[in-house]
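Examining the three-dimensional arrangement
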Amino acid sequence: GRGLVRADTRTDLGRIGGGIAVRKGAPMPVIEKPEDLKRALLSAKEIYYADPKTATAGAYFLKVAERLGISEEVLKKGHTGGGGKESMELMAKSTVEAIGVTQISEILSVPQVELVGQYPADLQLTTTYSGIMLERTTHPVAAAAFLQFLTSMPVQARFKQQGYEMPLR
């Protein structure tokens, strides 16, 4: 590195993966195995996901569709809106059988949609969010205390409510 980050200050705060959503009150599809997810995506009339050009979650979902062998069908039924949250807000307004796929935290941030569950395990990709301290920080003690605060039980409990899993330590 170029000495911008203080060595040994990386602090993992939480991990999050991709999930499947439906409109609140809609029937919950079974998504335990890749075959289940494939079936659920094929039976939906519309599929909502983040714009793959700008959002990692959207680009990753298209890779999953490819692995399931249903890229063409997904693209035909696909609706994207900016990020994951925007896509879920669009899905909430749909009037047909719709399914949404994006990061779990983005699903949980939209009250009109419901999290069905995570991607089946062998299709899952998790992102770890971390905090670091910059080399040029003028308040190293306060910065260290803040990183420590972010790993405290009350803050971690709040992250968990937002769909984050505890980081692997």
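About the thresholds
Residues numbered from 1 in each chain as written. Predicted model: local features only at pLDDT ≥ 70, side-chain atom pairs only at ≥ 80, totals over all residues. Heavy atoms only, no water. Core = buried A, V, L, I, M, F, W, Y, C linked by side-chain atoms within 4.5 Å. Buried < 20%, exposed > 50% of the residue type's maximum accessible area, 1.4 Å probe, protein only. Helix = DSSP H or I, 4+ residues; strand = E, 2+ residues; numbered from the N terminus. Contact = heavy atoms within 4.5 Å. pLDDT = per-residue confidence, 0-100. Arc of directions from axis to C-beta. Phe/Tyr/Trp six-rings, centres within 6.5 Å; stacked < 30°, edge-to-face > 60°. Pairing = 2+ DSSP bridges. Axes fitted to C-alpha atoms, helices over the stretch in contact; angles between N-to-C directions. Patch = residues over 30% accessible without salt bridge, like charges linked within 9 Å, V, L, I, M, F, W, Y side chains within 5 Å. Areas by Shrake-Rupley, 256 points an atom, 1.4 Å probe, with all protein chains shown as cover. Salt bridge = Lys/Arg side-chain N within 4 Å of Asp/Glu carboxyl O.

Some details on the nonpolar core
Counting residues in hydrophobic clusters, the biggest one holds 19 residues, and the most contacted among them are Leu37, Leu41, Ile47, Phe61 and Tyr119. Considering each element in turn, this core owes the most residues, 4 residues, to helix H2 (residues 56–67). The contacts of Ile47, once residues within four sequence positions are left out, are Leu41, Phe61, Val74, Lys77, Gly78, His79 and Ile99. Residues Met88, Met91, Ile107 and Val113 belong to the second largest nonpolar core, which totals 8 residues.

With respect to the confidence of the model for the chain
The predicted model of the chain has a mean per-residue pLDDT of 90, with 98% of residues at 70 or higher. Summarising per-element confidence for the chain, the mean pLDDT is lowest in strand S7 (residues 127–131) (81) and highest in strand S3 (residues 46–49) (98).

Comments concerning the environment of Gln112
With respect to the helices, strands and loops of the structure, Gln112 is situated in the loop between helix H5 (104–108) and strand S6 (113–118). Considered as a pair, Gln112 and Val64 are 48 residues apart in the sequence and their alpha carbons are 25 Å apart.

So, helix H4 (residues 84–92)
The complete set of buried residues in H4 reads Gly84, Ser87, Met88 and Met91. Each buried residue of H4 sits inside an arc of 100° when the element is viewed along its axis, so together they form one side. Buried positions along H4 lie against strand S2 (18–23), S3, strand S4 (78–80), strand S5 (98–103), H5 and S6.

Observations regarding the packing of aromatic side chains
Applying the stated criterion across every chain, the model contains 3 aromatic pairs. Between Tyr49 and Phe61, the ring centres sit 5.0 Å apart and the planes meet at 50°, which makes this aromatic pair tilted. Note that Tyr49 is positioned in strand S3 and Phe61 in helix H2, a separation of 12 residues in sequence. Overall, the relative accessible area of 4% leaves Tyr49 in the buried class.

Quick notes on the sheet that holds S2
Within the open sheet, the 5 strands sit side by side as S4-S3-S5-S2-S6. Their pairing is mixed. Whereas interior strands pair on both sides, the edge strands pair on one side only; in this sheet they are S4 and S6. Averaged over all neighbouring strand pairs, the angle between strand axes comes to 30°, with direction disregarded. Direction of pairing for S2 relative to S5: antiparallel, over a ladder of 4 bridges.

A closer look at a nonpolar patch on the surface
A contiguous nonpolar surface patch, about 310 Å² in accessible area, is contributed by Leu4, Val5, Ile132 and Leu134. Tracing the backbone through its elements, the reader meets Leu134 in the loop between S7 and helix H6 (140–150).

Topic: the side chain of Ser94
Relative to the helices and strands, Ser94 is located in the loop between H4 and S5. What Ser94 contacts, discounting residues up to four positions off in sequence, is Arg23, Glu46 and Tyr48.

Notes on the pattern of salt bridges
Applying the stated criterion across every chain yields a total of 4 salt bridges. Note that Asp12 and Arg10 form a salt bridge whose closest N and O atoms lie 2.7 Å from each other. We classify Asp12 as buried; its relative accessible area is 17%. Overall, the relative accessible area of 57% leaves Arg10 in the exposed class. Of the charged contacts, one joins Asp36 and Arg39 as a salt bridge, the two residues approaching to 3.4 Å between their closest N and O atoms. Remark: Arg39 and Asp36 occur in helix H1 (residues 34–43); sequence separation between them is 3 residues, near one turn of the helix. You can call Asp36 buried: its relative accessible area is 10%. Using a relative accessible area of 54% as the deciding quantity, one classes Arg39 as exposed.

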